[in-house]
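# Architecture at a glance
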Amino acid sequence: MGAAEFAVAPQPAAVVFEAKITFVVIIYSIMAATGGLMFGYDIGISGGLTSMPSFLKKFFPLAYEKIQKQERENNNYCKYENQGLQVFTSALHLTALISTFLASHTTRRMGRKNTMLFAGLFFILGTLLSATALSYPMLILGRISLGCGVGFSTQSAPLFLSEISPTRIRGALTLLFQFDVTLGILFGNFTAYATSKLQTEWNWRVSLALAGVPALLFTLGAIVVEDTPNSLIERGHLEKGKSVLRKIRGTHDIETEYLEIVKASRISQEVEHPFADLLMGQNGPPLVIAIMFQVFQQFTGINAIMLYSPLLFKTLGFGNIASLYSAIITGVVNVLSTCISIYFVDKIGRRMLLLEAGVQMFISQFIIAIILALKVQDDTNTLSHGMSIVIVLMLCTFVSSFAWSWGPLGWLLPSETFPLETRSAGLSVTVCVNMMFTFLIAQSFPSMLCQMKFGIFLFFSAWVLVMSLFVFFLLPETKGIPIEEMTDRLWKQHWFWNKFMDDEVHEYEYEDSD
C-alpha cells in the first residue's frame, strides 16, 4: 500500500485573531446564558410538582387515586404511569421542538438578540399562565408558551455565546449556558422541596410563579446586550458589526477577523435554502455529529433522572421529603461538575472529557441496576439505609460525569462546528432533535420504568457504551480552532469525514488591512 494512499490535503496555516478577554464579553455572556436558568428551572420543578398532593388533586385526581392505590399494594415502579402527568412533563419539549424552526428564521433574519428577546417574552407569558392556572387546558397552555421560550432560547443563546467569544475561551463561555441550566435545575429542585413544606393548597402556584425570576433576568439581558458581529454583518450592518467586534475584542486590530466574518457572511447570503444545504458538502459531518450528540445525550438517561428525580427516588424506596432532598443533592453535584467542564474544556479538550465520562456513567448505572435487582428479589418496598446511600452516591457519580461531558458539550459542539451560512439552521436541527428525544424520554420513562424496572439502567448503560465508541472513532478535537476555520482545519483533515468533503482546500486570502 503506497504512501500516496495515506496523504491528506495540506493543512492551512492557522489564522490568529487578536482578542482580549473583555469585561463586555463576560457581561454579555452572563446575560445571554441566563436563558439556561429558565430551561433548567422547568426541568427541575417538573418532578417536584408531580409529587405534590395538592397539585395532583387539582389537575390529576385520577393519577392521585392511582398513586394511593399502588402505594397500598407496594407497587412502586408503576404508580406514576399516567398519560396526563406525562403530557404535562413532555408538552414543553414537544413545543420547543416545533418552535425552533421559527426561531431559526428569526435568528438569521432578525438577529440573535431579538430571538432571545422573543424567548424571554414567551417565558414571562408561560409563567403567568402556569402560576394562575384554573384548569388543565390553561396549565398546558402555560407549558406550551414556556416550550416556545425554550425553543427560541436554546436556538439563539448558545449561538450568541459562541460568536462573541474569543477562540481561546470559546468553550468556557459557551458552556455558561449549560451551567445556568444546571443552576436552574437546582433552583427548581430546591423550590419544590421548600414549597412542599408550605401548609397551603397553593404551594404549587408558588413553585410555578418563581419561574418569573429567571424569565425576567433573561428578558432584561436580551434587551441590554448588542447583537453579535456575525449576525450584524450577515444582515448588512457592516459598520455596526465592525464597531461591536472592536468593542468585544478590546482592540482596534480586528481587521483580519472582520474580513473573515465578511467573507463567511457573503457565502451565507448566497444560501437561499439553508436547511436543504445542510445535506450538502461541508455541512454533512457537523450535521451528523450534532444529531448523534442530541440522540446520545438523551439516551444517557439524564433527563429521565432530572425530570422525574423526586418521583424516581420515591420509586426507589425513599420517602416524600427524602426524595426531594436527594434530588437537591444531585442538583448540587450537577452545578459543581459543570464548573469542572468550564475550567477544563479549553485545557484538555472535548474528547478527553467525553471519554472519561463514558466510563464513569457506565459503571455507576450498572451498579444501580445490580442493587435494584437485588431489591426486587428480596421483595421489599424500601431500601436499607446503606443501600440508599450507595444509590445516591452512584446517581451523583452519574450526574457529575454527565455534567462535565455530554450535558454541556452537546450544546457547545454544534454551536462551534457549523459554517456561518448554515449555522442557524444547524442549531435548529440540533434543538429539534434534542427536544424530540427529550419528549420521547419524558413521555415514556414512567411506562419504561414500570415495564423494565431495574433493567432501565442497563438499557441506558448500553447506550453509554455505544456513544463512547462513537466519540473515540468519529469525533475530532475542536479545541483552539476558530469557528470560521472548522471546515479546512478539522473536517478535511479527519481520517473518516474527509471522504465526504470537497477535494479542494480553501485558501485563506485577506485584503490588505493597511
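Procedures and definitions
Residues numbered from 1 in each chain as written. Predicted model: local features only at pLDDT ≥ 70, side-chain atom pairs only at ≥ 80, totals over all residues. Heavy atoms only, no water. Helix = DSSP H or I, 4+ residues; strand = E, 2+ residues; numbered from the N terminus. Buried < 20%, exposed > 50% of the residue type's maximum accessible area, 1.4 Å probe, protein only. Contact = heavy atoms within 4.5 Å. Areas by Shrake-Rupley, 256 points an atom, 1.4 Å probe, with all protein chains shown as cover. Expected span 1.5 Å × (residues − 1). Arc of directions from axis to C-beta. Salt bridge = Lys/Arg side-chain N within 4 Å of Asp/Glu carboxyl O. Phe/Tyr/Trp six-rings, centres within 6.5 Å; stacked < 30°, edge-to-face > 60°. Lys NZ or Arg CZ within 6 Å of the ring centre and 35° of its normal. Core = buried A, V, L, I, M, F, W, Y, C linked by side-chain atoms within 4.5 Å. Patch = residues over 30% accessible without salt bridge, like charges linked within 9 Å, V, L, I, M, F, W, Y side chains within 5 Å.

## Some remarks on the overall build of the protein chain
Within the protein chain, the secondary structure is distributed over 25 helices and zero strands. Expressed as a percentage of the 514 residues in the protein chain, the buried residues total 62%. Considering only intrachain contacts with a sequence separation of at least 6, the fraction spanning at least 24 residues in the protein chain is 81%. For the protein chain, the exposed surface amounts to about 19800 Å²; the carbon and sulfur share of it is 67%.

## Concerning helix 13 (residues 238-249)
Along its twelve residues, helix 13 runs 16 Å from first to last C-alpha, staying within 8% of the 16 Å computed at 1.5 Å per residue. Restricting attention to buried positions, one finds in helix 13 the residues G241, K242, V244, L245, I248 and R249. Along helix 13, the residues classed as buried sweep out an arc of 165 degrees about the axis, all on the same side. The inward-facing, buried residues of helix 13 abut helix 1 (23-33), helix 7 (136-164), helix 12 (229-234) and helix 14 (255-269).

## Let's talk about the pattern of salt bridges
For the structure on display, the rule yields 15 salt bridges. Linking E416 and R170 is a salt bridge whose minimum nitrogen-to-oxygen distance equals 2.8 Å. In this pair, E416 is assigned in helix 22 (residues 406-417) and R170 in helix 8 (residues 170-174), connecting sequence segments 246 residues apart. We note that E416, like R170, is buried. For K240, the salt bridge goes to E226, with nearest N and O atoms at 2.7 Å. Of this pair, K240 sits in helix 13 while E226 sits in the loop between helix 11 (212-224) and helix 12, and the two are 14 residues apart along the sequence. Exposure remark for K240: the relative accessible area of 40% places this residue in the partly exposed category.

## Structural notes on the packing of aromatic side chains
On inspection of all chains with the given rule, the structure shows 28 aromatic pairs. An angle of 55 degrees between the planes, with centres 5.3 Å apart, marks the rings of F55 and F88 as tilted. A residue pair is termed long-range when its members are at least 10 positions apart, and F55 in helix 3 (residues 53-59) and F88 in helix 5 (residues 83-109) qualify at 33 residues. Looking at R205, its charged tip hangs above the ring of W202, at a distance of 5.0 Å from the centre. The cationic tip of K242 hangs over the ring face of Y258; the distance from NZ or CZ to the ring centre is 4.8 Å.

## Some words on the nonpolar core
F55, F293 and W406 are the most contacted members of the largest nonpolar core, which has 128 residues in total. Among the elements that take part in this core, helix 23 (residues 420-452) stands out by supplying twelve residues, more than any other. In this structure F293 touches L354, W406, L409, G410, L413, F470, V471 and L475, once residues within four positions along its chain are discounted.

## Quick word on the environment of F459
As for its position among the elements, F459 is in helix 24 (residues 455-474). In the structure, F459 is positioned 159 residues away from T300 in sequence and 9.1 Å away in space, judged by C-alpha atoms.

## Here's the deal with a nonpolar patch on the surface
Taken together, the side chains of V359, F362, I363, F366, I370, L374, L458, L465, L469, F472, F473 and W495 define a hydrophobic patch exposed on the protein surface, amounting to about 1200 Å² of accessible area. Of all the secondary structure elements, the ones that give two or more residues to the nonpolar patch are helix 20 (350-377) and helix 24. No other element matches helix 20, which puts six residues into the nonpolar patch. Along the chain, V359 falls in helix 20. Judged by relative accessible area, V359 falls into the exposed class, the value being 52%.

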